[in-house]
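Close look at the chain arrangement
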Amino acid sequence: MQDKAIHEELELGVNIDHIATLRQARGTAYPDILEAAFLVEEAGAHAITIHLREDRRHIQDQDVYDIRKQINVRMNLELAATDEMVGIACDVNPEDACIVPEKREELTTEGGLDIIGQFDRIQKCTKTLSEQGIRVSLFIEPDIEQIKRVNDVGAPVIELHTGTYANAQGDAQAREFDRIVEAAEFAHSLGIQVNAGHGLDYSNTTVIAKIPEIRELNIGHSIVSRAVFVGISRATRQMLQIMREARDLG
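Residues numbered from 1 in each chain as written. Predicted model: local features only at pLDDT ≥ 70, side-chain atom pairs only at ≥ 80, totals over all residues. Heavy atoms only, no water.

Some remarks on the UniProt feature "site: Transition state stabilizer" (unreviewed entry) in the protein
Mapped onto the present numbering, the UniProt feature "site: Transition state stabilizer" (unreviewed entry) falls on Glu159. For glutamate 159, the position within the fold is in strand 6 (residues 157-161). Owing to a relative accessible area of 3%, glutamate 159 belongs among the buried residues under this scheme. Setting aside its immediate chain neighbours within four residues, glutamate 159 contacts Cys98, Ser137, Leu138, Phe139, Ile140, Asn195, Ala196, Gly197 and Asn218. (UniProt positions renumbered as here; feature names shortened; annotations may be inferred. Helix = DSSP H or I, 4+ residues; strand = E, 2+ residues; numbered from the N terminus. Buried < 20%, exposed > 50% of the residue type's maximum accessible area, 1.4 Å probe, protein only. Contact = heavy atoms within 4.5 Å.)

Shown next, in the form of structure tokens:
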């Protein structure tokens with residue numbers, strides 16, 4: 001992997017869900033999710049990522065419509081593989097939709113989709129979204145067997161779950177990194193665009209950003225957390241700088 005030239009810019013999608021989390025904690029009109037989207041866009045992000053969860057714990061339906069109308073960069077809408085969420089996505093018509101697993105009791109998305117076990121449902125959702133002109137991504141583990149079914153589902157993009165890598169240490173983290181590299185190389189060989197995200201921060205993003213097959217990183221919690229101290233514009237620019245330096249060093 002280290003010997004491969006890196007030619008393409010690595011894109012950043014900033015997930016602003018937790019701006020809405022702060023707003024919902026008090027049920028106020030602030031912080032303004034649209035202002036956050038504008039600042040992130042102005043700072044150079046390539047996409048705004050939001051997750052409309054079934055329990056509406058942070059992003060609300062109106063947020064999705066407002067952001068779609070106002071931003072100039074791509075919208076990446078994360079959603080569960082349900083008829084309700086697919087219907088909303090088709091109505092909003094974002095450029096990208098990332099199908100993710102979702103459990104009501106989880107703090108955040110835990111692990112990737114089981115494409116093999118839920119093939120029919122995921123294929124149906126992918127087909128409906130694709131027919132609307134929405135590019136579909138599947139949020140999956142860096143698992144070769146899962147990747148083998150992606151083209152059968154009909155999705156042109158995957159997002160590799162980096163949460164296990166981010167939470168591991170030492171040899172365990174090195175092994176998980178190797179899995180991500182292998183998965184990225186394999187998916188790329190099948191003509192699938194490879195994105196990655198979950199648990200990435202200002203320390204562990206560099207080595208992931210060096211993987212040449214990865215085209216986009218979706219990062220949220222660490223950027224919003226950093227924004228508490230430096231503001232969301234600077235936090236976004238700092239992450240972009242880390243990614244660009246990683247690609248230059250590659």
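Some points on the packing of aromatic side chains
Using the criterion set out here, one finds one aromatic pair in the structure. Taken together, a centroid distance of 6.4 Å and an interplanar angle of 45° make the contact between tyrosine 165 and phenylalanine 177 tilted. Remark: phenylalanine 177 occurs in helix 9 (residues 170-189) and tyrosine 165 occurs in helix 8 (residues 163-167); sequence separation between them is 12 residues. The positively charged end of arginine 149 is found above the aromatic ring belonging to phenylalanine 119, 4.4 Å away from the centroid. (Phe/Tyr/Trp six-rings, centres within 6.5 Å; stacked < 30°, edge-to-face > 60°. Lys NZ or Arg CZ within 6 Å of the ring centre and 35° of its normal.)

Points about the pairing of strand 8 (residues 214-219)
Of all six residues that make up strand 8, five are buried, and the element is covered over most of its length. In the sheet, strand 1 (residues 11-15) pairs with strand 8 via four bridges, with the strands oriented parallel. Considered in strand 8, the bridge of glutamate 11 is made with glutamate 216. Where strand 7 (residues 193-197) meets strand 8, four bridges bridge the pair, whose relative direction is parallel. (Pairing = 2+ DSSP bridges.)

Focus: the UniProt feature "binding site: 3-amino-2-oxopropyl phosphate" (unreviewed entry) in the protein
UniProt's feature table lists "binding site: 3-amino-2-oxopropyl phosphate" (unreviewed entry) at Asn15, Arg26, Gly199, Gly220 and His221, given in the numbering used throughout. The largest pairwise C-alpha distance within this set of annotated residues, which runs over 207 residues, is 25.7 Å, so the set is dispersed in three dimensions. Secondary-structure assignment places asparagine 15 in strand 1. Under the relative-accessibility criterion, asparagine 15 is labelled buried at 12%. For asparagine 15, the residues in contact, after removing those within four places along its chain, are Thr49, Glu78, Ile219, Gly220 and Val224. A polar atom in the side chain of asparagine 15 sits 2.8 Å from the backbone nitrogen of aspartate 17. With respect to the helices and strands, glycine 220 occurs in the loop between strand 8 and helix 11 (221-230). Under the relative-accessibility criterion, glycine 220 is labelled buried at 12%. (Polar contact = N/O pair within 3.5 Å; in protein donor to acceptor, adjacent residues only side chain to side chain.)

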